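Observations on the three-dimensional arrangement
This is what each chain is made of:
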4 protein chains.
Amino acid sequence: MANSKYEYVRLFEQPDALLPNTWIVVRIDGRGFTKLCAKYGFEKPNDKRAIDLMNAAAKAVMTDLPEIVLAYGVSDEYSFVFHKTCQLFERRASKLVSTVVSTFTAFYIHSWPTFFEGSLINDVPLVAPLLPTFDGRAVCYPSVQNLRDYLNWRQVDCHINNLYNTTFWALVQKGGMDSVEATELLKGTFSADKNEILFSRFQINYNNEHDMYKKGSVVFRDYELVNPASSNSAQAAEAVDSVAEPPIVSKSKAENDKKRRAKARITVEHIDIIKDDFWVRRPWLLTGQPGALPKQL
Amino acid sequence: MANSKYEYVRLFEQPDALLPNTWIVVRIDGRGFTKLCAKYGFEKPNDKRAIDLMNAAAKAVMTDLPEIVLAYGVSDEYSFVFHKTCQLFERRASKLVSTVVSTFTAFYIHSWPTFFEGSLINDVPLVAPLLPTFDGRAVCYPSVQNLRDYLNWRQVDCHINNLYNTTFWALVQKGGMDSVEATELLKGTFSADKNEILFSRFQINYNNEHDMYKKGSVVFRDYELVNPASSNSAQAAEAVDSVAEPPIVSKSKAENDKKRRAKARITVEHIDIIKDDFWVRRPWLLTGQPGALPKQL
Amino acid sequence: MANSKYEYVRLFEQPDALLPNTWIVVRIDGRGFTKLCAKYGFEKPNDKRAIDLMNAAAKAVMTDLPEIVLAYGVSDEYSFVFHKTCQLFERRASKLVSTVVSTFTAFYIHSWPTFFEGSLINDVPLVAPLLPTFDGRAVCYPSVQNLRDYLNWRQVDCHINNLYNTTFWALVQKGGMDSVEATELLKGTFSADKNEILFSRFQINYNNEHDMYKKGSVVFRDYELVNPASSNSAQAAEAVDSVAEPPIVSKSKAENDKKRRAKARITVEHIDIIKDDFWVRRPWLLTGQPGALPKQL
Amino acid sequence: MANSKYEYVRLFEQPDALLPNTWIVVRIDGRGFTKLCAKYGFEKPNDKRAIDLMNAAAKAVMTDLPEIVLAYGVSDEYSFVFHKTCQLFERRASKLVSTVVSTFTAFYIHSWPTFFEGSLINDVPLVAPLLPTFDGRAVCYPSVQNLRDYLNWRQVDCHINNLYNTTFWALVQKGGMDSVEATELLKGTFSADKNEILFSRFQINYNNEHDMYKKGSVVFRDYELVNPASSNSAQAAEAVDSVAEPPIVSKSKAENDKKRRAKARITVEHIDIIKDDFWVRRPWLLTGQPGALPKQL
């Protein structure tokens with residue numbers, strides 16, 4: 001039986017390849033996590049199990065898709081950065097977004113028991129139909145500075161939200177306020193005000209809070225750090241910006257790169273990515289070229 | 001700390017709302033399922049557990065997203081049809097695709113043990129990192145006939161592939177051929193030839209095979225069937241095509257519709273959706289208006 | 001000399017084909033016509049020479065592009081409707097828009113002397129650099145009703161603006177007001193108020209104004225009108241909506257259609273296109289099939 | 001009369017803003033110029049009148065749209081480069097393309113008599129309906145190198161085509177061949193072969209041909225050239241690439257820039273734009289900042 005009389009419907013698919021030579025960021029966001037957090041009893045202001053689970057899922061996504069050079073996560077969102085020379089799925093937006101979202105979801109659900117079950121005091125199995133799910137979108141950034149500004153935006157947002165949440169929940173959990181009162185009190189306050197509330201009312205020095213909560217989570221392949229004296233952030237960015245198209249690479253180099261990428265440990269750190277230092281010491285993030293593997297002890 | 005200096009990066013997000021007044025089909029496909037089938041020992045040519053799991057996940061997606069009027073699944077793919085008046089997520093392609101893909105993945109992974117574990121002879125737990133994942137895309141169809149031709153295309157494809165696979169695996173499993181020999185034998189054969197091979201060599205009458213495998217799976221809300229004498233497929237399609245914009249509906253009717261939709265059982269059937277009969281008896285699929293709830297016994 | 005090392009730049013062109021099976025409207029608008037009208041002394045509220053020139057350019061565009069089934073013009077704008085089965089330029093938006101805009105501009109400039117020069121009392125040659133130019137955009141409409149509602153929108157707008165302008169300029173030209181006073185007087189008035197002002201102050205019955213100004217200009221190929229008793233607007237629209245793809249047409253029919261289209265006179269009329277009558281009597285506009293050529297006397 | 005019931009049709013317009021922080025190239029191409037050249041007797045291989053007319057129209061476009069930093073023309077095509085920080089028309093593709101195409105067409109038609117009419121031996125008026133028209137498209141380039149490679153591609157193409165055409169028409173006009181014979185002779189030849197044919201058969205040294213034909217036409221605002229020793233192409237490109245967003249400029253500087261741009265002479269030159277020298281000496285092309293106005297004598 002011929003299928004040809006119906007195949008014309010394929011012509012309605014519209015191409016969605018993203019502009020070449022631009023950085024692709026796929027950001028995913030938890031759907032309806034307020035309700036989900038309530039149902040599964042996430043701790044406030046931060047639930048370490050939930051963050052560890054997000055990070056485990058993000059590491060699995062990066063392992064599955066070596067074209068991702070960096071990921072940044074905070075709360076129920078994660079941003080995955082594909083190198084600007086990336087050709088995966090011919091850069092089709094829907095393929096990139098749906099693959100990241102599906103892989104993340106699969107590992108999140110599958111790894112849930114590792115973080116939320118298995119002990120007497122921590123045993124919260126997932127119960128359908130309220131399962132964790134995520135949506136996603138892709139955005140292109142033409143220059144290194146655009147990309148870094150995107151990540152800066154997310155890390156500053158992490159800080160702003162975490163300071164607010166830390167203060168809010170201190171007022172509720174330790175200060176005996178209800179959420180309306182706490183919201184009212186914080187309306188119009190600046191960072192300094194919140195630091196002051198934390199310190200004077202609850203003896204909490206915000207600076208001593210965990211970096212995991214203050215900085216979010218940065219995921220990347222771990223090669224040997226480069227001496228900052230030998231490198232320069234602005235020059236590195238410009239060199240990368242001036243790359244015009246994916247370099248032609250010999251088959252043996254491609255194989256070799258692939259092996260080094262596969263050997264590299266994917267690490268999760270809670271550090272500042274706004275300052276240049278992070279980038280200067282890890283030039284492989286922008287060049288896309290694997291660095292030197294750390295010496296084994 | 002103001003975040004405004006980085007917020008310009010939001011301007012790089014490009015809008016992706018799908019054309020109004022068109023049917024939206026989100027199709028998802030299993031990623032690398034050949035390898036996955038091998039690893040988890042899926043039966044050939046069809047694994048009932050795997051199909052039941054796909055259908056369970058599809059039902060969960062439809063329950064979560066009432067804007068979906070119909071879903072059609074075969075093998076490792078599923079197509080979800082959003083009504084042409086649907087306004088969900090302002091019709092943004094990436095939100096629609098990623099939400100469907102993530103929800104499907106979540107329920108697929110979470111329901112896996114129900115279908116693949118739990119008995120002595122059926123105990124195949126998922127083991128990371130080879131987890132089932134899916135990608136997806138959205139396509140718009142302006143007219144009912146375009147939409148039906150899309151579904152026809154998938155159901156004809158189901159038939160063609162299943163007849164091939166049934167014959168191929170009979171040759172291998174019962175005929176003692178290896179896969180090269182079976183492929184060679186089937187090259188250039190027509191449907192009649194494959195029917196003949198099945199019947200003469202293996203006493204298999206293809207018509208007696210399960211409809212689940214021959215027709216695929218059709219998922220929809222189940223209301224009272226309409227007498228085909230009182231309805232007419234062409235007229236119904238034209239009436240729906242001539243709708244120009246989402247109807248304005250009173251709040252009470254909207255509430256009422258929502259309740260009826262929520263009460264309706266979501267059913268999975270393995271039936272012909274190419275002929276008019278399927279559509280004539282279920283006018284709610286095209287109108288998007290909930291039908292009458294079946295009388296309870 | 002090989003050009004291949006630079007040809008990669010072609011990959012940056014992004015496809016822009018419009019969704020199949022939808023009506024394409026290309027609308028063009030005069031750029032900065034307020035200044036242009038002032039410089040070339042266009043009469044207010046309407047300049048017949050300018051409208052005739054717009055219509056001449058629109059006819060030339062339709063002659064050049066037989067895929068256009070209808071055009072509607074008012075003031076310094078013109079909308080061109082491509083039939084939903086149109087395959088011109090593979091439906092690429094930029095080709096369609098730029099071709100219409102360029103052809104319109106070319107004939108507008110070239111025909112200017114016919115309408116604005118050549119007599120003692122009418123001799124306004126174009127003088128660079130202030131030349132008339134137009135911009136444009138393409139929009140898709142899935143159903144006949146959507147398309148007709150688009151045209152209705154433009155014709156209602158024509159009426160609203162012309163009634164306003166007629167009253168405004170009567171107040172200025174005959175009533176001795178300046179433009180601030182006239183604007184102030186008309187603020188918040190309804191149609192009935194403006195009709196009343198025209199009639200009581202200036203003895204102008206708006207109904208007696210020229211249809212060219214009240215209705216705008218409708219351009220189409222002129223075949224024999226069909227008896228409205230034998231046709232039905234709703235049915236015709238539905239029949240057209242239910243067309244799923246461009247019909248396969250024999251070469252001889254295609255040739256024949258082309259000849260009939262070329263023979264048909266392109267006419268400009270100033271009539272109501274909101275009521276069904278216009279469409280019922282001219283079924284070729286929606287079917288895209290050429291009608292019967294009028295008998296020659 | 002309210003127009004609101006039809007205004008929903010505006011929702012069908014889909015946004016088409018081009019990605020920020022990328023160079024926008026709008027290229028226009030003559031439609032059906034083979035036929036047009038034949039009808040108006042363009043000289044072969046190059047018609048100086050026609051090229052001068054193209055260049056005059058391109059200059060008018062650049063004068064009208066100061067956001068264009070450079071234009072490059074050859075044969076019946078012209079590429080206009082908008083600076084990557086350009087915000088004109090909110091970067092909407094259809095507005096940019098249609099405005100360029102319409103303005104170019106208007107000046108081309110209007111200036112035709114200047115180049116093709118007015119003397120006994122040169123009097124070829126335009127006669128409708130075969131008027132010159134153009135289509136167009138917009139493409140984004142993220143980096144300076146991408147942009148320069150685009151322009152390199154066009155200039156190399158100019159060279160390849162002109163060498164071919166020069167040899168072809170020498171064979172026809174001076175060698176007595178018909179076009180089939182000339183095509184046959186040139187099949188598979190390299191540049192060196194064509195140079196040899198020109199020289200040995202017709203005593204034509206291709207290097208002595210006019211640069212207008214060999215290099216095409218480069219249009220830009222003319223400021224004081226910069227000493228190449230004080231500038232560096234790679235550094236300049238990198239500095240421009242690393243710009244992340246349109247700079248915030250004081251009102252007085254913006255006014256001042258505008259005036260300097262308006263005062264600058266727009267020049268047409270026939271020079272090499274592939275080598276760095278062109279760019280190093282004219283840094284304003286990439287920075288978008290107006291240079292120093294040449295001293296008046």
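Per an unreviewed UniProt entry, chain A goes by tRNA(His) guanylyltransferase and derives from Sporothrix epigloea. Reading the Sequence similarities (unreviewed entry) entry of the UniProt record for chain A gives the comment "Belongs to the tRNA(His) guanylyltransferase family." In its Cofactor (unreviewed entry) section, the UniProt entry covering chain A states "Mg(2+)".

1. Here's the deal with the packing of aromatic side chains
What the rule picks out here adds up to 88 aromatic pairs over all chains. Note on Phe278(A) and Trp279(A): the rings are 5.2 Å apart at their centroids and 90 degrees apart in plane angle, and the pair reads as edge-to-face. We note that Phe278(A), like Trp279(A), is buried. Centre to centre, the rings of Tyr164(B) and Phe168(B) are 6.2 Å apart; their planes meet at 15 degrees, and the pair counts as stacked. Placement of the pair is Tyr164(B) and Phe168(B) together in helix α4 (residues 144–173), with a separation of 4 residues, close to one helical turn. A relative accessible area of 11% places Phe168(B) in the buried class. Within the aromatic cluster, the residues linked to one another by ring pairs are Phe33(A), Tyr40(A), Phe42(A), Tyr78(A), Phe80(A), Phe104(A), Tyr108(A), Trp112(A), Phe116(A) and Phe134(A). It is Lys95(B) that lies over the ring of Phe89(B); its NZ or CZ is 4.9 Å from the centre.

2. Remarks on the relation of the copies chain A and chain B
Note that the two copies of the chain are related through a rotation about an axis and a translation along the same axis. Its rotation angle being 180 degrees, the transformation that places chain A on chain B also includes 0.0 Å of axial translation and leaves an RMSD of 0.0 Å. In symmetry terms, the pair is related by a two-fold rotation axis. Of the interface residues in chain A, 100% have counterparts in chain B that sit at the interface too, so the contact is made through matching surfaces.

3. Details of the packing of helix α4 (residues 144–173) of chain C against helix α5 (residues 179–186) of chain C
Residue and element names in this part refer to chain C. Between α4 and α5, whose axes approach to 9 Å, the crossing angle comes to 135 degrees. The orientation of α4 with respect to α5, classified from their angle, is oblique. As α4 runs across α5, the sense of the crossing is right-handed. Along its contact with α4, which presents Tyr164, Thr167, Phe168, Leu171 and Val172, the element α5 presents Ser179, Ala182, Thr183, Leu185 and Leu186. In terms of residue class, the contact of α4 with α5 is made up of 7 nonpolar, 3 polar and no charged.

4. Here we look at the nonpolar core
Proteins that are soluble and globular tend to have nonpolar side chains buried together. Counting residues in hydrophobic clusters, the biggest one holds 312 residues, and the most contacted among them are Phe104(A), Phe104(B), Phe104(C) and Phe104(D). Among all residues touching Phe104(D), those that are not within four sequence positions of it are Ile28(D), Met54(D), Ala57(D), Ala58(D), Val61(D), Tyr78(D), Phe80(D) and Phe134(D).

5. A few points about the interface of chain A and chain B
Every contact between the two is made by 56 residues of chain A and, on the other side, 56 residues of chain B. Contact between chain A and chain B buries roughly 4,500 Å² in total, counting both sides, with carbon and sulfur atoms accounting for 62%. On inspection of chain A and its partner chain B, the count reaches 6 salt bridges. When the shortest N-O distance is used, the salt bridge between Asp64(A) and Arg31(B) registers 3.4 Å. Every element with two or more residues in the side of chain A that touches chain B is listed here: α3 (93–116), β4 (134–141) and α4 (144–173) of chain A. Per-element tally for the side of chain A that touches chain B: the top contributor is α3(A), with 13 residues. Along the lines of polarity and charge, the residues of the side of chain A that touches chain B split into 29 nonpolar, 15 polar and 12 charged.

6. Digging into the relation of the copies chain A and chain C
In screw terms, the move from chain A to chain C is a rotation of 180 degrees and a rise of 0.0 Å along the axis, fitting with an RMSD of 0.0 Å. Both copies present the same face, since 100% of the interface residues in chain A are matched by interface residues at the equivalent positions in chain C.

7. Re helix α2 (residues 48–64) of chain A
Across its 17 residues, α2(A) extends 24 Å between first and last C-alpha, which sits within 8% of the 24 Å expected from 1.5 Å per residue. Buried residues of α2(A): Arg49(A), Ala50(A), Ile51(A), Leu53(A), Met54(A), Asn55(A), Ala57(A), Ala58(A), Ala60(A), Val61(A) and Met62(A), and no others.

8. Examining the pattern of salt bridges
Residues and elements named next belong to chain B. Under the defined criterion, the tally for this structure stands at 72 salt bridges over all chains. For Arg27, the salt bridge goes to Asp29, with nearest N and O atoms at 3.4 Å. Note on Arg27: relative accessible area 11%, which makes it buried. Residue Asp29 is classed as buried on the basis of its relative accessible area, which comes to 17%. With a shortest N-O distance of 3.0 Å, Asp135 and Arg137 are connected by a salt bridge.

9. With respect to empty space enclosed by the protein
Residue and element names in this part refer to chain B. What the rule picks out here adds up to 5 cavities of 30 Å³ or more. Contributing to the lining of the largest cavity are Ser231, Asn232, Ser233, Ala236, Trp279, Val280, Arg282, Pro283 and Leu286. Counting only elements with at least two residues in the lining of the largest cavity, the list comes to α8 (233–241) and α10 (276–280). Its residues assigned to classes, the lining of the largest cavity comprises 5 nonpolar, 3 polar and 1 charged.

10. Remarks on the UniProt feature "domain: Thg1 C-terminal" (unreviewed entry) in chain A
Taken from the UniProt record, the annotation "domain: Thg1 C-terminal" (unreviewed entry) applies to residues 145–275 of chain A. Between the first and last C-alpha atoms of residues 145–275 of chain A the distance is 12 Å; the span itself is 58% helix and 8% strand.

The rules we used
- Residues numbered from 1 in each chain as written.
- Chains lettered and ligands numbered in written order.
- Predicted model: local features only at pLDDT ≥ 70, side-chain atom pairs only at ≥ 80, totals over all residues.
- Heavy atoms only, no water.
- UniProt positions renumbered as here; feature names shortened; annotations may be inferred.
- Phe/Tyr/Trp six-rings, centres within 6.5 Å; stacked < 30°, edge-to-face > 60°.
- Buried < 20%, exposed > 50% of the residue type's maximum accessible area, 1.4 Å probe, protein only.
- Helix = DSSP H or I, 4+ residues; strand = E, 2+ residues; numbered from the N terminus.
- Lys NZ or Arg CZ within 6 Å of the ring centre and 35° of its normal.
- Least-squares fit on C-alpha atoms with pLDDT ≥ 70 in both.
- Contact = heavy atoms within 4.5 Å.
- Axes fitted to C-alpha atoms, helices over the stretch in contact; angles between N-to-C directions.
- Parallel < 35°, antiparallel > 145°, perpendicular 65-115°, else oblique.
- Left-handed = near helix turned anticlockwise from the far one by under 90°.
- Nonpolar A, V, L, I, M, F, W, Y, C, P; charged D, E, K, R; others polar.
- Core = buried A, V, L, I, M, F, W, Y, C linked by side-chain atoms within 4.5 Å.
- Buried area = accessible area lost by both parts, 1.4 Å probe.
- Salt bridge = Lys/Arg side-chain N within 4 Å of Asp/Glu carboxyl O.
- Expected span 1.5 Å × (residues − 1).
- 1 Å grid on protein atoms, 1.4 Å probe; cavity = no way out; pocket = protein on both sides within 12 Å on 5 of 7 lines; lining within 4 Å.
- Points joined across faces, edges and corners; volume = space filled by probe spheres on them.

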